[in-house]
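Report on the structure
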Amino acid sequence: MCLILFAYRAHPRYPLVVAANRDEWFRRPTAPASFWSDRPDVLGGRDLEQGGTWLGITRRGRFAALTNVRAPQNKRDGAPSRGALVSGFLTAAQPPLPYAERLVAGAAHYNGFNLLTGDGRDLAYVSSREARAAAIAPGVHGLSNGVLDESWPKVVKGRTGLAALLEQPFAPDALFALLKDPTPAPDSALPSTGVSLEWERRLSAMHILADDYGTRSATVLLVGADGRITFVERTFDAAGRAVGQVEERFALDI
């Protein structure tokens, strides 16, 4: 994922609301979201190159999602898959914060990452850039390729938009519309992450259109206070056109 907007314990009907974009090379093989044949309790997309995932939830309410830290100067070939950190939590039994804390000591083995872990009771965050793990406070948050709630333009815009949506009745389509914004940030607001100015501009939009790289999918996840889950994933082509949708609704197995 390259943008995760989420509201944690900030809505009376939904203890967790997630709206997230996955940005990736279009040539990278990917399976759309489904319940996994080898782990039927896990719902999520799958990276067919490394076998992990970027966002998923289980029938028991374990949730995890990942963004990369943008630091091209520190990228190492041959580092273990960051997607395995997500699938590792989804298939484990350890609570969110202890799992996140366990990753701190070995974070340097991976290319840069931010990871969210939750189980319906608690939500935690770990960042390789900060080398720390912490419980997340209730509120509306945003995570891109910096650290949690860092004031990148897409994070600021996304948090503001999500907070506004929570003040009124909303459906998944409204969250998808929020994520679909292709407007780049002005140069004066761009972060400096080690890529060229041209790429900083391209990557500053919530929905990225950059030839063979861009927003390949968007996911909306609603975890209801009644234990009902709504999970919708839309996939896009390189022109930004929606080319597929997966929708799953189920009751938590608790």
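Structure report, in brief. Note that the structure is predicted; figures quoted are calculated from it, not measured. (Residues numbered from 1 in each chain as written. Predicted model: local features only at pLDDT ≥ 70, side-chain atom pairs only at ≥ 80, totals over all residues. Heavy atoms only, no water.)

Counting across every chain of the model gives 1 cavity of 30 Å³ or more. In this structure, the largest cavity spans a volume of roughly 40 Å³. If you trace the largest cavity, you find it lined by Arg70, Trp152, Pro153, Lys154, Pro191, Glu200, Leu203 and Ser204. Counting residues per element, the ones that place at least two in the lining of the largest cavity are helix H3 (153-166) and helix H5 (197-203). Broken down by class, the residue content of the lining of the largest cavity amounts to 4 nonpolar, 1 polar and 3 charged. (1 Å grid on protein atoms, 1.4 Å probe; cavity = no way out; pocket = protein on both sides within 12 Å on 5 of 7 lines; lining within 4 Å. Points joined across faces, edges and corners; volume = space filled by probe spheres on them. Helix = DSSP H or I, 4+ residues; strand = E, 2+ residues; numbered from the N terminus. Nonpolar A, V, L, I, M, F, W, Y, C, P; charged D, E, K, R; others polar.)

A few words on the sheet that holds strand S7 (residues 113-118). Where strands meet in a sheet, backbone hydrogen bonds hold them as pairs that are either parallel or antiparallel. If you walk across this open sheet you meet the 7 strands as S3-S4-S5-S6-S7-S8-S9, and the pairing is antiparallel. Of all the strands in the sheet, just strand S3 (30-35) and strand S9 (132-135) have a single pairing partner and so form its edges. Taken over all neighbouring pairs, the strand axes of this sheet differ in orientation by 15° on average, direction set aside. As defined by bridge partners, strand S8 (residues 123-127) adjoins S9 across 4 bridges and the pair is classed as antiparallel. Counted as the bridge partner of tyrosine 125 is alanine 134 from S9. (Pairing = 2+ DSSP bridges. Axes fitted to C-alpha atoms, helices over the stretch in contact; angles between N-to-C directions.)

Along helix H2 (residues 96-104), the residues that are buried comprise Pro96, Tyr99, Ala100 and Leu103. Projected onto a plane normal to the axis of H2, the buried residues spread over an arc of 95° and lie on a single side. At its buried positions, H2 is contacted by helix H1 (83-90), S7, S8 and S9. (Buried < 20%, exposed > 50% of the residue type's maximum accessible area, 1.4 Å probe, protein only. Arc of directions from axis to C-beta. Contact = heavy atoms within 4.5 Å.)

Here we come to the side chain of arginine 70. With respect to the helices, strands and loops of the structure, arginine 70 is situated in the loop between strand S6 (63-68) and H1. Judged by relative accessible area, which is 15%, arginine 70 ranks as buried. Polar side-chain contacts of arginine 70 include one of 3.1 Å to the side chain of glutamate 200. Contact partners of arginine 70, with chain neighbours within four places excluded, come to Asn145, Trp152, Thr193, Val195, Glu200 and Leu203. (Polar contact = N/O pair within 3.5 Å; in protein donor to acceptor, adjacent residues only side chain to side chain.)

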